[in-house]
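Below, each chain spelled out in residue letters.
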Amino acid sequence: MNVMEGKILYNLISRMPVMKKWISIERPRRFLLWRNHIKMATGGRRPTITVHANSLINEKSPYLLQHAHNPVDWFPWGPEAFEKAKKEGKPIFLSVGYSTCHWCHVMERESFENEDIGLIMNQHFVSIKVDREERPDVDKVYMTFVQATSSGGGWPMSVWMTPDLRPFVGGTYFPPEDGPHSIGFRTVLLRIADQWENNKDSLLENSERIFATLQSSTALKVAERLPSHNDVAPKCFQQLVDMYDDEYGGFADFPKFPTPVIIRFLFSLWAIRRTSPEGTEAQQMALHTLKMMAGGGIHDIVGWGFHRYSTDKSWHLPHFEKMLYDQAQLSVAYAEAFQITGEELFADVAMDILNYVSRDMTNESGGFYSAEDADSYPTSQSTEKKEGAFCVWTAAEIRDLLPDVVPEAIGKTMADILMYYYGVKEEGNVSQAQDPRGELVGKNVLIQRYSLELTAARFHLDLGHLNTILSSCREKLFEARKSRPKPDLDTKMVASWIGLMISGFARSGAIFGKKDYVKQAVNAATFLQEHMFNAYSGKLLRTCYQGVQNNVEQISVPITGFLEDYAFVIQGLFDLYEASLDERWLQWAIQLQKTQDQLFWDTDGFGYFSSDPSDGSIILRLKDDQDGAEPSGNSIAAMNLLRAAAYTRNSDWIKKAEKLLTAFSERLLKIPVSLPEMARAVVACNLTLKQVVICGKQDAHDTQALLKTVHSIYTPYKVLIFVGENQTGFLKENLPFLASLERKDGKATAYICEKFSCSLPVTDSKDLPKLLQS
């Protein structure tokens, strides 16, 4: 028996005849609502007044609230739904998505708002709706099943399972009715309902077999020794070379996703092999990809920040949603590119990302919202949302907004210059093949078509003047865009993503010398302590929510944090310490690391489970083994353990890191490209981290000169330690050797320490780069 039986089961169901009649279909529950501030489902149309609501009406998640007025009798994930399924002997239909998911909106419009389909669901199933961003543990378990038993995965995810939560059929988006090449959602529902009624024993038997196979197939095979970086890093690099697009950058044909985990692996490979052909190629692959993304439609050059991914290979047409985790990771990647090259382009892009997050995705209490939707109303009078409506332009709009003549350009207008540089066409620059739903007819996505030099030559302008004109054009477009209906914000706040964003602001603040960025990282860390941390239990909380008057709210039973929440927050706190030199963030990071070890460490198979064992509704405890849109919790945890050991001299954490990497050894040696972030940790574990110690008065000029040098040099395998004038403190208590390091001749002094041995003291910042790069 293997998971292919899931495919066989699905095929059998898909070929069954549709039931000719339904058995006394009951109407879904209805609730009268007397509140004036009801949140309506806004996935595709302007909301209309309704008195219908289901059990999701009491949730906080914007995604769940979008479905609170469907005719489907939805339940949130929890014991009420499970007990109802057992009591009534019904299978469960699980739908997983998120609030900014375009195809989730489509399936809601087509199926979940359809009264007839709602009747079928309510008669034959207990329906559960899950926000994948609230419950990544639920999402991961059933996505593993869907990917194993169908042709792929994605959202919305649709899974049918037994009352004891064993899945037996799964898929993603279904159209409402049968088509020439697809089975309709109505048909699937009726066929599964018929199978449940007439062939339940076979369904249950198959679901148990599939579950047993998933249990065995997801277990990691622990190797005997730590994989060598000389085996892992070169293979990862070669696999990336094989995937690389020489013309447009990136590591796929299409769709193309921004992959900061890959960019950062390539940079770190360059750092240890600067003079080798592989190191040079790794650097160029990363920089070319970042440049092509910056000039592509995936980069919102008017409102800043990055869209989710490109639907084509040239980064032209994006999927227009914006995710916080993309902004966080890309800000670090572009800041590091600036460290490596000194090119202002990379600094400008990193800062526009952070300024976008500050402006549009920051709660006034300091937390960060999770996402901005892809869909919005084209005008205030529109009744249907369209993807990208907020961001795209017609040629006529641009001509109306930018009519001023530029005398030096031989009578050409500002519109002419911008339209040339950004590839604007009268008929629109999105092809019909890229726009199957016809939402972008006549529209333009701004994408850099020509270089600044070529554009300047065409319009007889010097580069400085051209940059001024383009900047003015963008500002005018931004002001015009303010009058458009904005996409919805998912104002849920997620601990792991806030952790990533703390790294973005802290790392960039240190690299660019911008104290306001570091202050924003401090505000976010303070927000986590106040709103997403239980000081009594020492545990993080997964989510919190913006309330009616911008206050911060929690659900009645808060969701506790998962591995990724701990790992990403700990990483963010380490980065914040290095940017602020405030030891309280270091102390909290170490405290959270100890809690993470207690909750998630697998004492038998090593590595960390993604969730703790306290929730009995999670039928599989998994270890995420892929660095994708986000790095895996284990990948970040491996580097965190090494950093924690460097700050505390606790060798047990080094041993834990080695065991973790050993647990993933088979995957690292065979397909390291699936774990580029963990491959970086393998290098760090093999080479050990440098301790860069700065002794001095924190605000003194000579101290700041040394710190500025440290932050300006790309050094991926180091920790920064500051020793001030105080005789006590967390670091001095944990690292006794610091007492022997002092300022030379009363000047701020740097030491580079490795394996309990320190370099000769350095007081001149000009002498520091060579030591850092050696």
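Since this is a predicted model, take the numbers as computed values, not measurements.

Draft legend 1. A look at the side chain of histidine 105. Looking at where histidine 105 falls in the secondary structure, it is placed in helix α4 (residues 102–112). Given a relative accessible area of 1%, histidine 105 falls into the buried group. A polar side-chain atom of histidine 105 sits 3.1 Å from the main-chain carbonyl oxygen of serine 99.

Draft legend 2. Spotlight on the state of the cysteines. By the definition in use, this model includes two disulfides. Note that cysteine 101 is cross-linked by a disulfide to cysteine 104, the S-S spacing being 2.3 Å. Measuring handedness by torsion sign, the sulfur bridge of cysteine 101 and cysteine 104 sits at about 80 degrees and is right-handed. Of the two residues, cysteine 101 and cysteine 104, neither departs from the other in class, the shared state being buried. A sulfur-sulfur separation of 2.1 Å characterises the disulfide bridge that pairs cysteine 753 with cysteine 758. Here the S-S torsion is close to 105 degrees, and the disulfide linking cysteine 753 with cysteine 758 is therefore right-handed.

Draft legend 3. Local environment of the nonpolar core. Leu266, Tyr334 and Leu660 are the most contacted members of the largest nonpolar core, which totals 152 residues. Apart from the residues lying within four places of it in its own chain, the contact partners of leucine 660 are Trp601, Gly607, Tyr608, Asn634, Ala637, Ala638, Leu641 and Met678. Core analysis: the next-biggest nonpolar cluster, separate from the first, contains 30 residues, Ala68, Cys104, Ile117 and Leu190 among them.

Draft legend 4. Region of interest: the sheet that holds strand β20 (residues 749–754). Strands sit in the order β19-β18-β20-β21 across an open sheet of four strands; the sheet is mixed. The open sheet has two edge strands, β19 (718–723) and β21 (757–758), and neither has a second partner. In the sheet, β20 pairs with β21 via two bridges, with the strands oriented antiparallel. Looking across to β21, one finds that cysteine 753 is bridged to cysteine 758. Most of the contacts of helix α22 (residues 633–648) go to β19, to which it runs at about 30 degrees, and overall it touches β18 (690–695) and β19.

Draft legend 5. Fine view of the pattern of salt bridges. Scanning the model with the defined rule gives 39 salt bridges in all. For glutamate 479, the salt bridge identified is with lysine 482, shortest N-O distance 3.1 Å. Assessed through its relative accessible area of 47%, glutamate 479 is described here as partly exposed. A salt bridge links aspartate 490 to lysine 492, with the nearest nitrogen and oxygen atoms 2.9 Å apart. Take aspartate 490: its relative accessible area is 0%, and that puts it in the buried class. By relative accessible area, lysine 492 is classed as buried at 0%. Connected through shared salt-bridge partners, Asp131, Glu133, Asp490 and Lys492 make up one network.

Draft legend 6. A look at the environment of isoleucine 340. Inspection of the secondary structure assignment puts isoleucine 340 in helix α12 (residues 324–341). Once the C-alpha coordinates of isoleucine 340 and proline 180 are considered, the two residues, 160 residues apart in sequence, prove to be 53 Å apart. Leaving out residues up to four positions away in the same chain, isoleucine 340 has contacts with Phe267, Trp270, Gln283 and Tyr714.

Draft legend 7. Just the sheet that holds strand β17 (residues 552–553), in detail. A sheet is described by the order of its strands in space; here three strands give the open sequence β13-β16-β17, paired in antiparallel fashion. Lying at the two open borders of the sheet, with one neighbouring strand each, are β13 (492–494) and β17. Pairing of strand β16 (residues 543–546) with β17 involves two bridges; the strand directions are antiparallel. Pairing of glutamine 546 across the sheet is with valine 552, part of β17.

Draft legend 8. Representation of unusual backbone geometry within the structure. Between tryptophan 155 and proline 156 the backbone carries a cis peptide bond, its omega angle lying at 5 degrees. In this fold, proline 156 is placed in the loop between α6 (136–149) and β4 (157–161). With an omega of -5 degrees, the peptide bond running from phenylalanine 254 to proline 255 counts as cis. Within the element layout of this structure, proline 255 appears in the loop between α9 (229–243) and α10 (260–272).

About the thresholds
- Residues numbered from 1 in each chain as written.
- Predicted model: local features only at pLDDT ≥ 70, side-chain atom pairs only at ≥ 80, totals over all residues.
- Heavy atoms only, no water.
- Helix = DSSP H or I, 4+ residues; strand = E, 2+ residues; numbered from the N terminus.
- Buried < 20%, exposed > 50% of the residue type's maximum accessible area, 1.4 Å probe, protein only.
- Polar contact = N/O pair within 3.5 Å; in protein donor to acceptor, adjacent residues only side chain to side chain.
- Disulfide = S-S within 2.5 Å.
- Core = buried A, V, L, I, M, F, W, Y, C linked by side-chain atoms within 4.5 Å.
- Contact = heavy atoms within 4.5 Å.
- Pairing = 2+ DSSP bridges.
- Axes fitted to C-alpha atoms, helices over the stretch in contact; angles between N-to-C directions.
- Salt bridge = Lys/Arg side-chain N within 4 Å of Asp/Glu carboxyl O.

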